[in-house]
Amino acid sequence: ACTGIENIDEAITLLEQNNWDLVAAINGVIPQENGILQSEYGGETLQGPAYGPTSHSTAASSTPSSSSAFRHVVPSRQIVERQPRMLDFRVEYRDRNVDVVLEDSSTVGEIKHILENELQIPASKMLLKGWKTGDVDDSTVLKTLHLPKNNSLYVLTPDLPPPSSSSHSGALQESLNQNFMLIVTHREVQREYNLNFSGSSTIQEVKRNVYDLTSIPVRHQLWEGWPPSATDDSMTLAASGVTFPCHRLTVGRRTSPVQTREQSEEQCTDVHMVSDSDGDDFEDATEFGVDDGEMFGVASSALRKSPMMPENAENEGDALLQFTAEFSSRYGDCHPVYFIGSLEAAFQEAFYGKARDRKLLAIYLHHDDSVLTNVFCSQMLCAESIVSYLSQNFITWAWDMTKEANRARFLTMCTRHFGSVVAQTIRTQKTDQFPLFLIIMGKRSSNEVLNVIQGNTTVDELMMRLMAAMEIFSAQQQEDIKDEDEREARENVKREQDEAYRISLEADRAKREAQEREIAEQFRLEQIRKEQEEEREAIRLSLEQSLPPEPKEESTESVSKLRIRTPSGEFFERRFLASSKLQVVFDFVASKGYPWEEYKLLGTFPRRDVTQLDPNKSLLEVKLYPQETLFLEAKE
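The paragraphs below set out a description of the structure included in this document. Note that the coordinates shown come from a computational prediction; the quantities given were computed from them, not determined experimentally.

### A word on the overall build of the protein chain
Link 1 in the chain: A tally of helices and strands in the protein chain yields 17 helices and 19 strands.
Link 2 in the chain: Here the protein chain, with 636 residues, has 40% of them falling under the buried criterion.
Link 3 in the chain: Taking as baseline every contact in the protein chain between residues at least 6 positions apart, the subset at least 24 positions apart corresponds to 63%.
Link 4 in the chain: For the protein chain, the accessible surface area stands at approximately 36,700 Å², while carbon and sulfur atoms represent 50% of it.

Shown next as structure tokens:
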């Protein structure tokens, strides 16, 4: 009320510059000719009308006993010299930016003189645009415009030809691939829209998109700020001469002339009769709920845009591919990375990995019939800060709710995954409340919808709500990480115990198998030994039975008496006929358990190996007659 400033952001900026001193902030912007205001805190005075309900209440509030944080100011004739206020201007001209700093006591013409030296353009050829209060002349004092500290302006030079270039076609081709930011001011409501368009977009497409935002039909739009070369709505932005990367435009509704009863009768006698009860022109069909496209029975949005998503798409991944491609063609390549796949696959990606890798799920619900959609997509979703934050912390999935079949399909998915309450909430949302942004957090037993963000928001508010959801998610994630670490620690201990038990079982099994093999080997060896013993015993018995009978001592034949010592020290004796072969002695020794293959029979005097002699010779021939002592020795 004191300064005439209605922009809250500008007011807050002024308060911050003055360290939140309300009196100093007012003193810095109020015109001096309006009078003087005085603060009781230090005798300061400022220009302006005296405030207070009445003189009586003003005097009462100024007493020392008042507990108010701010006191009413009273008139005073004392004038304190006011410090000059510095204003910063960033001026855009084609591909250049010039920063200008001036006192608020300077004029608009002084800005032009500074730009004349910087840009080498005559001041008389400049049109300095971007003033929030409308067009101003060169003699206007900046202080009277009540400007904030930081301001953005742009220069137009309609009387100067564009700079020539030998590679004009190459530059034009490059411009077609660039993105232009059009800052469009709606004159009637004093609202700005920042719209991103590719260089290949036409002026007609811009006007149709502005119709979505302002509800002003294209034929009723009155524009300011288009370059003189932009004479045809079919021209592309790259060829129209608009400033890159930003260009300011102003749009308003074209005023229809008031027709008198006679004019109406003259113009409408052949086809229409226009009622004289209303002074508005009948051609403004939007007043009757009909826009340019609907006059012909076709929705205007259908004439302007191809659908974001096919109706009754069988595969959700293919539908998301078309959605992403169409979104890029409308709003540029700087947009969230949409997950390509079904909603179930998006859940799997966001919620069912390791706790440290989990993310929030953001579901963007698009609706082409909402007037907020274009602004939300171009200014919110395509803002670099939002894109970066979503890519780092969210899995972003999208769906188009424009077609009824797609809307019903999503509500079915929503009921299955989130429950009927959330589905009903989305079902009751009106078209103008779209687009919606759902923030989903996965929990152990269910999926929780943390936030439903409607399209009528700002970048700062959207970022704040995303960060608030992230705080809730981070707290839950830390608990999940702790639980997961404890579970993994328990599982590691269990795995170690299982591994130790397995190793112990394998060692026991190996030991048992070794014992079993040893027993089996012993059994096998015992069997072999028994078989060998049985074989030896059979041989011994066979040899014993084959021996000739022992001759008697009184035999008339020559008899040789042999005494044989065993390795154990025992002796056994037997008489043999002197004519008996040496083999008979070997058989006798073998029948006692000492086969000549394992033992050798040695003589004493002289020492000789009897087993080396010819076994077919007689005892007499080998000189074992009449008696001899022999001993057995195991062969090596």
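Structure's up, so let's keep going.
### Points about the sheet that holds strand β12 (residues 394–400)
Adjacent strands of a sheet pair through backbone hydrogen bonds, lying either parallel or antiparallel.
Link 1 in the chain: The strand order across the open sheet formed by four strands is β12-β11-β13-β14, and the pairing between neighbours is mixed. Strands at the two margins of the open sheet, each flanked by one partner only, are β12 and β14 (447–453). Sheet twist, expressed as the average angle between the axes of neighbouring strands with direction ignored, equals 25°.
Link 2 in the chain: This element, helix α11 (residues 343–351), spans β11 (360–366), β12, β13 (436–442) and β14 of the sheet and lies at about 150° to β11.

### Comments concerning the environment of K581
Link 1 in the chain: One can find K581 in the loop between β16 (571–577) and α17 (582–591).
Link 2 in the chain: Residue classification places K581 among the partly exposed positions, given a relative accessible area of 46%.
Link 3 in the chain: In sequence terms K581 and S618 are 37 residues apart; their C-alpha atoms lie 4.1 Å from each other.

### Notes on the pairing of strand β6 (residues 150–156)
Link 1 in the chain: In terms of burial, β6 is a largely internal element, five of the seven residues being buried.
Link 2 in the chain: Sheet analysis places strand β5 (residues 127–129) next to β6, joined by three bridges and oriented antiparallel. Within β6, the position partnered with L127 by the bridge is L156.

### Re the pattern of salt bridges
Link 1 in the chain: In total, this model carries 28 salt bridges according to the counting rule given.
Link 2 in the chain: Put simply, D88 and K149 hold a salt bridge, and the shortest N to O gap is 3.9 Å. Here K149 lies in the loop between β5 and β6 and D88 lies in strand β3 (residues 86–93), a separation of 61 residues in the sequence.
Link 3 in the chain: A relative accessible area of 23% places D88 in the partly exposed class.
Link 4 in the chain: The partly exposed category is assigned to K149, whose relative accessible area is 27%.

### Describing the packing of aromatic side chains
Link 1 in the chain: Tallied over the entire structure, the rule returns 22 aromatic pairs.
Link 2 in the chain: Pairwise contacts between aromatic rings join F323, F327, Y331, Y338, Y364, F376 and F437 into one cluster.

### Quick word on the pairing of β3
Link 1 in the chain: Residues of β3 alternate between two faces, with L87, F89, V91 and Y93 buried on one and M86, D88, R90 and E92 left unburied on the opposite face.
Link 2 in the chain: As paired elements, β3 and strand β4 (residues 96–103) share eight bridges and run antiparallel to each other. Across the sheet, M86 pairs through a bridge with E103, a residue of β4.
Link 3 in the chain: Hairpin connection from β3 to β4: two residues lie between these consecutive antiparallel strands, with R94 at a positive phi of about 55°.
Link 4 in the chain: For β3 and β6, the ladder comprises five bridges, and the chain directions are parallel. Residue pairing in the sheet places F89 in a bridge with N151 of β6.

### Some thoughts on the side chain of S328
Link 1 in the chain: The topology assignment puts S328 in helix α10 (residues 316–331).
Link 2 in the chain: In terms of polar contacts, S328 uses its side chain to reach the side chain of H335, at 2.7 Å.
Link 3 in the chain: In this structure S328 touches D333 and H335, once residues within four positions along its chain are discounted.

### Remarks on the environment of S342
Link 1 in the chain: Examined against the element boundaries, S342 turns out to sit in the loop between α10 and α11.
Link 2 in the chain: Using a relative accessible area of 24% as the deciding quantity, one classes S342 as partly exposed.
Link 3 in the chain: Sequence-distant contacts of S342, defined by excluding residues within four places in its chain, comprise E316 and W397.
Link 4 in the chain: Here the side chain of S342 touches A345 through a polar contact of 3.1 Å, landing on its backbone nitrogen.

### What about the environment of A238?
Link 1 in the chain: Along the chain, the position of A238 falls in helix α7 (residues 237–240).
Link 2 in the chain: On the basis of relative accessibility, which here comes to 15%, the residue A238 falls in the buried class.
Link 3 in the chain: With 37 residues separating them in the primary sequence, A238 and S201 have C-alpha atoms 8.2 Å apart.

### Describing the packing of helix α16 (residues 459–546) against α17
Link 1 in the chain: Orientation of α16 relative to α17, taken along the N-to-C sense of each, is 135°, at an axis distance of 8 Å. Relative to α17, the element α16 is oriented oblique. Where α16 crosses over α17, the handedness of that crossing is left-handed. Where α16 abuts α17, its residues R540, L543 and E544 lie against D587, A590 and S591.
Link 2 in the chain: Here the contact of α16 with α17 is built from residues that sort into two nonpolar, one polar and three charged.

### Section: the packing of helix α14 (residues 404–418) against helix α15 (residues 420–427)
Link 1 in the chain: Axis separation between α14 and α15 bottoms out at 7 Å; the angle between their running directions is 150°. It follows from the interaxial angle that α14 and α15 lie roughly antiparallel. Residues R407, F410, L411, C414, T415 and F418 of α14 pack against S420, V422, A423, I426 and R427 of α15.
Link 2 in the chain: For the contact of α14 with α15, a count of residues per class yields seven nonpolar, two polar and two charged.

Cut-offs used in this document
- Residues numbered from 1 in each chain as written.
- Predicted model: local features only at pLDDT ≥ 70, side-chain atom pairs only at ≥ 80, totals over all residues.
- Heavy atoms only, no water.
- Helix = DSSP H or I, 4+ residues; strand = E, 2+ residues; numbered from the N terminus.
- Buried < 20%, exposed > 50% of the residue type's maximum accessible area, 1.4 Å probe, protein only.
- Contact = heavy atoms within 4.5 Å.
- Areas by Shrake-Rupley, 256 points an atom, 1.4 Å probe, with all protein chains shown as cover.
- Pairing = 2+ DSSP bridges.
- Axes fitted to C-alpha atoms, helices over the stretch in contact; angles between N-to-C directions.
- Salt bridge = Lys/Arg side-chain N within 4 Å of Asp/Glu carboxyl O.
- Phe/Tyr/Trp six-rings, centres within 6.5 Å; stacked < 30°, edge-to-face > 60°.
- Polar contact = N/O pair within 3.5 Å; in protein donor to acceptor, adjacent residues only side chain to side chain.
- Parallel < 35°, antiparallel > 145°, perpendicular 65-115°, else oblique.
- Left-handed = near helix turned anticlockwise from the far one by under 90°.
- Nonpolar A, V, L, I, M, F, W, Y, C, P; charged D, E, K, R; others polar.

All quantities given are derived from atomic positions and should not be read as evidence of function.
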